[in-house]
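# Summary of structural features
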Amino acid sequence: MAVGQDAAAGAGLREPRVSVLMPMRNPGRFIEQAVGSVLSQGCAELELLVIDDGSTDGSRAFVDGLADPRVRVIDGPRSGISACMNRGLESARGAVVMRCDSDDAYPPGRILAQLDFLQRHPDHVAVCGPFSWMNPAGEHVGSPKVEPQAA
């Protein structure tokens, strides 16, 4: 399937192209936005692995209640974020692995743009994008200065 192809066209695929790992421990109200930002990417060949490291704030119940076959919840080892990421890597089925923390949000089009970059640059094995900081109310408070690089 070509990068950027309609999400509905690939809905019947069994193996995802992209696995997004989301370590989680008590993200509170941020979990809904984080999950939504990944699932709304327009990439049909996607799985979202939420690795729960012992949440007690109701976030596990929220994710368990999602009726989206792209979402899998994995019990974390309750040993911190690094151990959660390792558990997620063990379970990931996609050829491309991405990370989104449970209190982060992907901007629209991120996954397809990064897949497109990797497809056009086969000599690259990793890609990252800029980010911004938000306060607890979810308001943008700043971004690091990033010098543009030639693609």
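Residues numbered from 1 in each chain as written. Predicted model: local features only at pLDDT ≥ 70, side-chain atom pairs only at ≥ 80, totals over all residues. Heavy atoms only, no water.

## Things to note about the pairing of strand S2 (residues 46–52)
- Within S2, seven of the seven residues are buried, leaving the element largely enclosed by the surrounding structure.
- Because side chains alternate across S2, one face comprises the buried residues Leu46, Leu48, Val50 and Asp52, and the other comprises Glu47, Leu49 and Ile51, equally buried.
- As paired strands, strand S1 (residues 18–24) and S2 are joined by seven bridges and run parallel to one another. For Leu21, the partnering residue across the bridge sits in S2 and is Leu49.
- On the question of chirality, the crossover connecting S1 to the parallel S2 by way of helix H1 (residues 30–39) is right-handed.
- Sheet topology note: the S2/strand S3 (residues 71–75) ladder contains five bridges and is parallel. Looking across to S3, one finds that Ile51 is bridged to Ile74.
- A crossover connection joins S2 to the parallel S3 through helix H2 (residues 59–64); in handedness this β-α-β unit is right-handed. (Buried < 20%, exposed > 50% of the residue type's maximum accessible area, 1.4 Å probe, protein only. Helix = DSSP H or I, 4+ residues; strand = E, 2+ residues; numbered from the N terminus. Pairing = 2+ DSSP bridges. Right-handed = clockwise from strand over helix to strand, strands pointing away.)

## Quick notes on the side chain of Ser59
- Locating Ser59 in the fold gives a position in helix H2.
- On the basis of relative accessible area, Ser59 is assigned to the buried category, the value being 3%.
- In this structure the side chain of Ser59 is engaged in a polar contact, spanning 3.4 Å, whose partner is the side chain of Ser55.
- Reaching out from Ser59, the side chain makes a polar contact with the side chain of Asp57 at a distance of 2.5 Å.
- In this view, Ser59 contacts Met24, Asn26, Pro27 and Ile31; residues no more than four positions away in its chain are not counted. (Polar contact = N/O pair within 3.5 Å; in protein donor to acceptor, adjacent residues only side chain to side chain. Contact = heavy atoms within 4.5 Å.)

## Side note on a nonpolar patch on the surface
- A surface patch of nonpolar side chains, amounting to about 330 Å² of accessible area, comprises Phe131, Trp133 and Val141.
- Within the secondary structure, Phe131 is located in the loop between helix H4 (110–120) and strand S5 (133–134).
- Relative accessible area serves as the criterion here: at 48%, Phe131 is assigned to the partly exposed category. (Patch = residues over 30% accessible without salt bridge, like charges linked within 9 Å, V, L, I, M, F, W, Y side chains within 5 Å. Areas by Shrake-Rupley, 256 points an atom, 1.4 Å probe, with all protein chains shown as cover. Salt bridge = Lys/Arg side-chain N within 4 Å of Asp/Glu carboxyl O.)

## Remarks on the packing of aromatic side chains
- Enumeration over the complete set of coordinates arrives at zero aromatic pairs.
- Geometry around Tyr106 places Arg110 over its ring, the cationic atom sitting 4.2 Å from the centre. (Phe/Tyr/Trp six-rings, centres within 6.5 Å; stacked < 30°, edge-to-face > 60°. Lys NZ or Arg CZ within 6 Å of the ring centre and 35° of its normal.)

## Quick look at helix H3 (residues 81–91)
- Regarding H3, the residues found buried are Cys84, Met85 and Gly88. Angularly, the buried residues of H3 cover 100 degrees about the axis, an arc narrow enough to put them on a single face. In H3, the exposed residues that point more than 90 degrees away from the buried face are Ser82 and Glu90.
- The secondary structure elements touched by the buried residues of H3 are S1, S2 and strand S4 (96–99). (Arc of directions from axis to C-beta.)

## Examining the nonpolar core
- Ranked by internal contacts, the top residues of the largest apolar core, which has 22 residues, are Val18, Val20, Met22, Val38, Leu46, Leu48 and Ile111.
- Those elements that provide at least two residues to this core are S1, H1, S2, S4 and H4.
- Looking at which element gives the most residues to this core, the answer is H1, with five residues.
- Sequence-distant contacts of Val18, that is, excluding residues within four places in its chain, are made with Cys43, Glu45, Leu46, Glu47, Gly94, Val96, Met98, Ile111 and Leu115.
- Of all hydrophobic cores here, the second largest spans six residues; its members include Leu21, Ile51, Cys84 and Met85. (Core = buried A, V, L, I, M, F, W, Y, C linked by side-chain atoms within 4.5 Å.)

## Focus on the pattern of salt bridges
- Taken as a whole, this structure holds 10 salt bridges when the rule is applied.
- In this structure, the salt-bridge partner of Arg60 is Asp52, at a minimum N-O distance of 3.2 Å.
- Judged by its relative accessible area of 22%, Arg60 is partly exposed.
- Here Asp52 falls in the buried class, since its relative accessible area comes to 5%.
- The salt bridge partner of Glu90 is Arg87, with a shortest N-O separation of 3.9 Å. Of this pair, Glu90 and Arg87 are both found in helix H3, three residues apart, which corresponds to roughly one turn of the helix.
- Taking the relative accessible area as the measure of exposure, Glu90 reaches 63% and is therefore exposed.
- By relative accessible area, Arg87 is classed as partly exposed at 29%.
- Put simply, Glu15, Glu47, Arg72 and Arg93 are held in one network by salt bridges that share partners.

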